[in-house]
There are 2 protein chains.
Amino acid sequence: MDNRSNILQVATELFASHGYDAVGVQQIASDAGVTKPTLYHYFNSKQGLFETLIKEKSEPLISDLREVSRYQGDITKSITDVTQFYFEYLDREPTFYRLILMTRFMPPSSDVYDIVTQVQHQQFDLLQQLFKDATEDHGNMRGRHRWYAVSLLGTIDTYIVMSLQGYIHLNEPHRVYRIVHQFMHGIFS
Amino acid sequence: MDNRSNILQVATELFASHGYDAVGVQQIASDAGVTKPTLYHYFNSKQGLFETLIKEKSEPLISDLREVSRYQGDITKSITDVTQFYFEYLDREPTFYRLILMTRFMPPSSDVYDIVTQVQHQQFDLLQQLFKDATEDHGNMRGRHRWYAVSLLGTIDTYIVMSLQGYIHLNEPHRVYRIVHQFMHGIFS
DNA sequence: TAAAAACTATACCGTTCGGTATACATATTG
DNA sequence: CAATATGTATACCGAACGGTATAGTTTTTA
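Colleague: I tried to follow the overall build of chain A on my own but got confused; where do I start?
Modeller: On a plain count of helices and strands, chain A comes out with 9 helices and 0 strands. The helix and strand sequence of chain A, counted from the amino end, reads α-α-α-α-α-α-α-α-α. Dimensions of chain A, computed from C-alpha atoms along their principal axes, come out at roughly 55 × 30 × 30 Å. A separation of at least 24 residues holds for 64% of the contacts in chain A among residues at least 6 apart in sequence. On chain A, roughly 8,000 Å² of surface is accessible, and the fraction owed to carbon and sulfur atoms is 45%. When the 17 positive and 22 negative side-chain charges of chain A are each reduced to one mean point, those points stand 4 Å apart.

Below is the structure:
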């Protein structure tokens, strides 16, 4: 592996394990087997490293989600596909997803606030579009797009966070059904 | 104000604004108008300071939530009261609540992981108890207590986070109705 | 009132922080 | 092949990190 990719990979793991502020550049360089000036050569700064990492690794996430969230006339299927997608993404990219979860509420003072907020809003926007497109078939959703997007992704993420903490257990394939069913039909059915 | 309280207050604000790892002890001491040994006199360590802060400030949150979440035969009212409670808490203690939100997914490697996870689980446990108590009147909730607790609080928190990011707008009193209605009845009504 | 406890400070510790200057090595280009 | 571009290193910078030793001050207690 080339140094650039190696540094990105190591940084992802360290940031995901400890958070952006708790990981130093020297640690990343050491673990990647290079020196700091080498790291700075590629990324210019710690912030640059993090931003590069987030941009490059979120791109496939966003483009895949764009495909998955495309409304095709069946809202149940779309919501199920989206929910399934996130769990599969967690299984496929556990490290990066943990990092994403960790940045859900980042202080605006952080020098990487903009990039993480951007990735978040991209996700929410795609889900919102799903609900917008579904409005033709489900008029009651009118005006609630953002709310539903926030509610759906917020719920998925909280389930995942709580399962990572051992508070709940997500067993295949119950997890998807459970979330989707409750999201769509509430708690009385 | 005595130094101890002053330090706690300043620390809360700084941690809420920047996160635990991005705030140094020297900064807290300076802003509180004391020196580091004074701070260490009261709290022994940075971790001790944070833990004291979380414990003392979460206690009223937990005990108030315990009152509010007590099921009294009307599940709609309980869920509404809980939701209302969180928004009121946000209005009453915006700084500490931001800090709580920021710790929703903390790396297990953090030396304050235990204390923040404990406060979280306390909240979820209280909500879970609410759904357990409601099971007598709503048998369909059986076995779903944890899921509903996670879903409700996760949704509330995500709404709040996204409103703090300017993604959605929470206007009195729509916000409570919206969340409660969707949580209870789903997206088709 | 003297001793003990609680409180507060100055100065210091070794390590780490993000970043930089300079030099050297390797690969590419004309 | 020499010059340029790209890549990698050693050594260094000032500031900040969490924490500590020691001394002084104030309050409390017997």
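Here the narrative resumes.
Colleague: Where do I start with the relation of the copies chain A and chain B in this structure?
Modeller: Here two copies of a chain appear, and what relates them is a rotation about an axis with a shift along it. With an RMSD of 0.0 Å, chain A superimposes on chain B once it is rotated by 180° and translated 0.0 Å along the axis. This pairing of chains is accounted for by a two-fold axis. For chain A, the smallest separation between a C-alpha atom and the rotation axis is recorded for G186 of chain A, amounting to 2.0 Å. With an isologous cut-off of 70% or more, the 100% of interface residues of chain A that recur at the interface of chain B puts this contact in the isologous class.

Colleague: Please clarify how the protein's contact with DNA strand D should be interpreted in this entry.
Modeller: Close to DNA strand D lie 15 residues, the nearest being P37, T38 and Y42 of chain A together with V25 and K46 of chain B. Among the atoms of DNA strand D close to the protein, meaning within 4 Å, 54% are from sugar or phosphate groups. One nitrogen or oxygen atom from the side chain of N3 of chain A is found 2.9 Å from a phosphate oxygen belonging to DNA strand D. Between DNA strand D and the protein, one listed contact pairs a phosphate oxygen with a backbone N or O atom of V25 of chain B at 2.7 Å. Those elements that place two or more of their residues in the surface near DNA strand D are α3 (36-43) of chain A together with α3 (36-43) of chain B. The element that contributes the greatest number of residues to the surface near DNA strand D is α3 of chain A, accounting for 4 residues.

Colleague: How do you make sense of the interface of chain A and chain B when you look at a structure like this?
Modeller: It is common to give the size of an interface as the accessible area lost on bringing the parts into contact. Taken together, the contacts link 56 residues of chain A with 56 residues of chain B. Both faces considered, chain A and chain B share a buried interface measuring about 5,100 Å² in area, 63% of it formed by carbon and sulfur atoms. Going through the elements one at a time, α1 (3-18), α5 (75-92), α6 (94-102), α7 (113-134), α8 (145-164) and α9 (174-185) of chain A are the ones with two or more residues in the side of chain A that touches chain B. If one sorts the elements of the side of chain A that touches chain B by residue count, α8 of chain A sits on top with 12 residues. Taken together, the residues of the side of chain A that touches chain B break down into 27 nonpolar, 21 polar and 8 charged.

Colleague: Just checking my understanding: could you explain the protein's contact with DNA strand C for this structure?
Modeller: Among the 15 residues in the neighbourhood of DNA strand C, the closest are listed as V25 and K46 of chain A together with P37, T38 and Y42 of chain B. Close to the protein, within 4 Å, the atoms of DNA strand C are drawn from sugar and phosphate at a rate of 54%. Take N3 of chain B: an N or O atom from its side chain is 2.8 Å from a phosphate oxygen of DNA strand C. Here the surface near DNA strand C takes 4 residues from α3 of chain B, the largest share from any one element.

Colleague: Hey, could you run me through the packing of aromatic side chains in this one?
Modeller: The geometry of an aromatic ring pair comes down to the distance between the two centres and the angle between the two planes. Taken as a whole, this structure holds 26 aromatic pairs over all chains when the rule is applied. Aromatic side chains Y89 of chain A and Y97 of chain A sit 5.9 Å apart centroid to centroid with 70° between the ring planes, which places their arrangement in the edge-to-face category. Residue Y89 of chain A is classed as buried on the basis of its relative accessible area of 3%. The exposure class assigned to Y97 of chain A is buried, which follows from its relative accessible area of 0%. Members of the aromatic cluster, connected to one another through ring pairs, are F85, Y86, Y89 and Y97 of chain A. Across from the ring centre of Y20 of chain B, 4.6 Å away, lies the NZ or CZ of K46 of chain B, which sits over that ring.

Colleague: I'm lost on the side chain of T135 of chain A in this one. Help?
Modeller: Residue and element names in this part refer to chain A. Inspection of the secondary structure assignment puts T135 in the loop between α7 and α8. Within the local environment of T135, its side chain forms a polar contact with the side chain of H145, the two groups lying 3.0 Å apart. Discounting chain neighbours no more than four positions away, the residues touching T135 are M141, R142 and H145.

Colleague: Help me out: how do you make sense of the nonpolar core in this one?
Modeller: Grouped burial of nonpolar side chains is what soluble globular proteins tend to show. Ranked by internal contacts, the top residues of the largest apolar core, which has 144 residues, are F15 and I28 of chain A together with F15 and I28 of chain B. Residues lining this core come from more than one domain, with at least three contributed by each of domain 1 (1-44) and domain 2 (57-185) of chain B. For I28 of chain B, the residues in contact, after removing those within four places along its chain, are I7, V10, A11, L14, F15, V23, L39 and L49 of chain B.

Colleague: In this structure, what is going on with the environment of F188 of chain A? I would like to understand it.
Modeller: By the secondary structure assignment, F188 of chain A is in the segment after α9. C-alpha separation for the pair F188 of chain A and T117 of chain A, spaced 71 residues apart in sequence, amounts to 34 Å.

Colleague: Where do I start with the packing of helix α8 (residues 145-164) of chain B against helix α9 (residues 174-185) of chain B in this structure?
Modeller: What describes two packed helices is the angle between their axes and the distance between those same axes. All names here are of chain B. At their nearest, the axes of α8 and α9 sit 11 Å apart, and the two run at 150° to each other. As the angle between them shows, α8 and α9 are arranged roughly antiparallel. For α8 against α9, the interelement crossing comes out right-handed. Of the residues in α9, those touching α8 at Y148, S151, L152, T155, I156 and Y159 are I179, Q182 and F183. Split by residue class, the contact of α8 with α9 holds 6 nonpolar, 3 polar and no charged.

Colleague: What is the right way to read the pattern of salt bridges from this model?
Modeller: Should the charged atoms of two oppositely charged side chains come close, the side chains can pair. Residues and elements named next belong to chain B. One pass over the structure, following the stated rule, counts 12 salt bridges over all chains. A salt bridge links R4 to E56; the shortest N-O distance between them is 2.7 Å. With R4 in helix α1 (residues 3-18) and E56 in helix α4 (residues 46-68), this residue pair connects regions lying 52 residues apart in the sequence. Here E67 makes a salt bridge to R70, at a shortest N to O gap of 3.0 Å. Judged by its relative accessible area of 49%, E67 falls in the partly exposed class. Residue classification places R70 among the partly exposed positions, given a relative accessible area of 42%.

What counts and how
- Sequence order as written defines the numbering, with residues in each chain counted from 1.
- Whichever chain is written first is A, and whichever ligand is written first is 1; the rest continue in order.
- Local features in this predicted model are restricted to residues of pLDDT 70 or higher, and side-chain atom pairs are both shown and tallied only at a pLDDT of 80 or more, whereas totals for entire chains, interfaces and linings draw on every residue.
- Values reported for side chains reflect all heavy atoms of the structure, with hydrogen atoms and water molecules removed beforehand.
- Labels follow the DSSP assignment, with helices taken as runs of H or I lasting at least four residues and strands as runs of E lasting at least two, numbered in each case from the N terminus.
- We call two residues in contact when some of their heavy atoms are within 4.5 Å.
- Method for areas: the Shrake-Rupley scheme with a 1.4 Å probe, in which residue coverage is limited to the protein chains shown.
- Counted as positive: Lys and Arg. Counted as negative: Asp and Glu. His and the chain ends are not counted at all.
- For charged residues, the charge sits on one atom: NZ in Lys, CZ in Arg, CG in Asp, CD in Glu.
- The copies were overlaid by least squares, fitting only the C-alpha atoms of residues that reach a pLDDT of 70 or more in each copy.
- Residue proximity to a molecule or strand is established when one non-hydrogen atom of the residue lies within 4 Å of it.
- Side-chain atoms alone can form a polar contact between residues adjacent in sequence; in general such a contact is a pair of N or O atoms within 3.5 Å, and within protein one must be able to donate a hydrogen while the other accepts it.
- Buried area is calculated as the accessible area (1.4 Å probe) missing from two parts once they are joined, with the contributions of both summed.
- Residues are grouped as follows: Ala, Val, Leu, Ile, Met, Phe, Trp, Tyr, Cys and Pro are nonpolar; Asp, Glu, Lys and Arg are charged; all remaining types, including Gly, are polar.
- Only rings of Phe, Tyr and Trp enter the pairing, Trp through its six-membered ring, and a pair is recorded when the two centres are within 6.5 Å. The plane angle decides the type: under 30 degrees is stacked, over 60 is edge-to-face, the rest tilted.
- When a residue's accessible area, from a 1.4 Å probe over protein chains only, is under 20% of the maximum for its type it is buried; when over 50% it is exposed; and in between it is partly exposed.
- Any Lys NZ or Arg CZ that is within 6 Å of a ring centre and within 35 degrees of that ring's normal is treated as a charge sitting over the ring.
- Think of a nonpolar core as a cluster: buried Ala, Val, Leu, Ile, Met, Phe, Trp, Tyr and Cys residues, connected wherever their side-chain atoms sit within 4.5 Å.
- As annotated, the domain borders come from an automatic or database domain assignment.
- Axis geometry follows a simple rule: fit a line to the C-alpha atoms, using only the stretch in contact for helices, then measure angles between N-to-C directions, giving values from 0 to 180 degrees.
- What sets the label is the angle itself: under 35 degrees gives roughly parallel, over 145 gives roughly antiparallel, 65 to 115 gives roughly perpendicular, and the rest give oblique.
- Left-handed describes a crossing in which the near helix is turned anticlockwise from the far one by less than a right angle; the clockwise case is right-handed.
- By salt bridge we mean one thing: a side-chain nitrogen of Lys or Arg within 4 Å of a carboxyl oxygen of Asp or Glu.

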